[in-house]
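Below are the chains, spelled out letter by letter.
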Amino acid sequence: MTVSPIENGIVLDHITAGKGMELYKVLGLAELDCLVAVINNAYSKKSPTGKKDIIKIDAQIDLDFDIIGYIDPGITVNIIKNGVNTKMEKIDPPETIEGIIKCKNPRCITSVEQELPHIFKLTDRENMVYRCIYCESKAK
Amino acid sequence: MRSLIDILDLTTAEIDELVSTANDIIADPEKYAHKCQGKKLATLFFEPSTRTRLSFEAAMYELGGNVLGFSEAQSSSSAKGESVSDTVKVVGYYADIIAMRHPKEGAPLVASMKAGIPVINAGDGGHNHPTQTLTDLLTINREKGRFSGLTVGFCGDLKFGRTVHSLIGALSRYEKVKIVLVSPKELTVPEYIKEEVLKAKNIEFVETTDLEEVMPQLDILYMTRVQRERFFNEQDYIRLKDSYILTPEKLATAKPDMCILHPLPRVNEIAVAVDDDPRAKYFEQAKNGKYIRMALILKLLEVE
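Residues numbered from 1 in each chain as written. Chains lettered and ligands numbered in written order. Predicted model: local features only at pLDDT ≥ 70, side-chain atom pairs only at ≥ 80, totals over all residues. Heavy atoms only, no water.

Honestly, the nonpolar core in this entry has me stumped. Any pointers?
Note on soluble globular proteins: their nonpolar side chains tend to be buried together. Within the largest apolar cluster, 58 residues are counted, with the highest numbers of intra-cluster contacts made by L134, F154, I168, I179 and I297 of chain B. For this core, the element with the highest residue contribution is helix α10 (residues 282–300) of chain B, accounting for eight residues. Here this core spans two domains, since at least three of its residues come from each of domain 1 (33–128) and domain 2 (130–286) of chain B. Ignoring any residue separated from it by four or fewer positions in sequence, one finds I297 of chain B in contact with C36, F56, A59, M60, L63, I97 and I120 of chain B. Grouped together as the second largest cluster of nonpolar side chains are 49 residues, I109 of chain A together with F70, A95 and V119 of chain B included. (Core = buried A, V, L, I, M, F, W, Y, C linked by side-chain atoms within 4.5 Å. Buried < 20%, exposed > 50% of the residue type's maximum accessible area, 1.4 Å probe, protein only. Helix = DSSP H or I, 4+ residues; strand = E, 2+ residues; numbered from the N terminus. Domains from an automatic or database assignment. Contact = heavy atoms within 4.5 Å.)

I keep staring at the domain arrangement of chain A and nothing clicks. Help me out?
Frequently, the measure chosen for interface size is the accessible area removed from exposure when the parts meet. Residues and elements named next belong to chain A. In terms of domains, chain A is made up of domain 1 (9–88) and domain 2 (96–132). Distance between the C-alpha centres of domain 1 and domain 2: 25 Å. Across the boundary between the two partners, domain 1 contributes five residues, which contact six residues of domain 2. In this assembly, domain 1 packs against domain 2 so that about 460 Å² is buried in total across both faces, 81% of it on carbon and sulfur atoms. On the domain 1 side of the interface with domain 2, the three residues burying the most area are D66, I67 and Y70, jointly 83% of the side's total. Counting across the interface, domain 1 meets domain 2 through zero salt bridges. Linking domain 1 with domain 2 are zero residue pairs in polar contact (both at pLDDT 80 or more). (Buried area = accessible area lost by both parts, 1.4 Å probe. Salt bridge = Lys/Arg side-chain N within 4 Å of Asp/Glu carboxyl O. Polar contact = N/O pair within 3.5 Å; in protein donor to acceptor, adjacent residues only side chain to side chain.)

How should the interface of chain A and chain B be read in this particular structure?
Across the contact, 17 residues belong to chain A and 20 residues belong to chain B. Summed over both partners, the interface of chain A with chain B buries about 1500 Å², with 53% contributed by carbon and sulfur atoms. Of the charged contacts in the structure, one is a salt bridge between E196 of chain B and R131 of chain A, with a shortest N-O distance of 2.6 Å. On inspection of chain A and its partner chain B, the count reaches nine residue pairs in polar contact (both at pLDDT 80 or more).

Help me understand the packing of helix α5 (residues 130–144) of chain B against α10 of chain B in this model?
Two packed helices can be described by the angle between their axes and the distance between those axes. Residues and elements named next belong to chain B. Here α5 crosses α10 at 115 degrees, and the two axes come no closer than 8 Å. Classified by the angle their axes make, α5 and α10 are roughly perpendicular. α10 is crossed by α5, and the crossing has right-handed handedness. Where α5 approaches α10, its residues T131, Q132, L134, T135, D136, L138, T139, R142 and E143 are matched on the opposing element by E284, Q285, N288, G289, Y291, I292, R293 and L296. Considered class by class, the residues forming the contact of α5 with α10 number five nonpolar, seven polar and five charged. (Axes fitted to C-alpha atoms, helices over the stretch in contact; angles between N-to-C directions. Parallel < 35°, antiparallel > 145°, perpendicular 65-115°, else oblique. Left-handed = near helix turned anticlockwise from the far one by under 90°. Nonpolar A, V, L, I, M, F, W, Y, C, P; charged D, E, K, R; others polar.)

Next comes the structure, spelled out in structure tokens:
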């Protein structure tokens, strides 16, 4: 199977196998007019499973790096302009995320005050643990 | 403008400063009798409380200030559906400082973001209760003269016991503290306390269901009540409520200078006969609560 190279656009490479479609959904790529390819289970030398997912977007768009860093911080982002690739090796997990996930703790103040923003803070970088800033429940 | 939402908002140096101020107030209360003249404390208690609310009110009166507020959600606009954010925005115009208790976790943090005046978390559900922790620390300081090197046993409901979580967090910042966790299996300390506090800070800790086995090691025994209001299921509460009852007989193997603490109210987890034991310090602890809250109000209002 061949997916042709792109001249101007973005390639998200080294996505953990199985997370490609999740990213496609949360990044809102289904809304785009341009060509978008999601490749699942591509061969990977780096990955311990030997597999990776890849997303190719045939346009320059603003990506939410916080979402990428939260869902899969090991991803390589390649921004291609006129055929020249500017590689960002690894996306760091963001210190805080807002509006991406909701706190599910029924005892949290966010369960009764709907207008409050759902904000999570990175409390354990090694294990990628995010906690609700209000009740400190772990993000699931 | 500072608020106190979590005990870890305070550095250990600030805790030392508060403890020192509280000790000074105990030694010479007259010196502080007019420090907050013209200032108002709003006590916003959306959940019932006796000690905490009254000790806040007594603290402000003894500083020469005034108090306004409510003691249950039904007598506030929250009964009409008003949000915490709206309530505190308004209270921020009437008072200089807020002490808030709320059944929902994180409500005082929301209040501190919106009120425009300092907010003290007076307990948010099963989450945090930093002024109880300050009370506990003042009592430990007065009884033991130090925090480092102590073996502290926590017994009872360690899952929902917010005072336990806050005190473990505070003690974990001192050297050579050993924590002993005694609870039924259903009420063990939450995983995140073990992973992100105890293990992360290399604090020695053990978990057991047997209080008598660990009793001889303890410098402090912190008893807690199994709280009916934290259970969704009444049958679980009934099954677990009598797991540990401290009696004079069980204290036979305890150190002669061990200190028994309890955040109160107690139900039956400490037999009344224990009250006469010189090691029982829980009423002294409740008294200390007023003094440390006086010190905290002074600090947050930046009164010299």
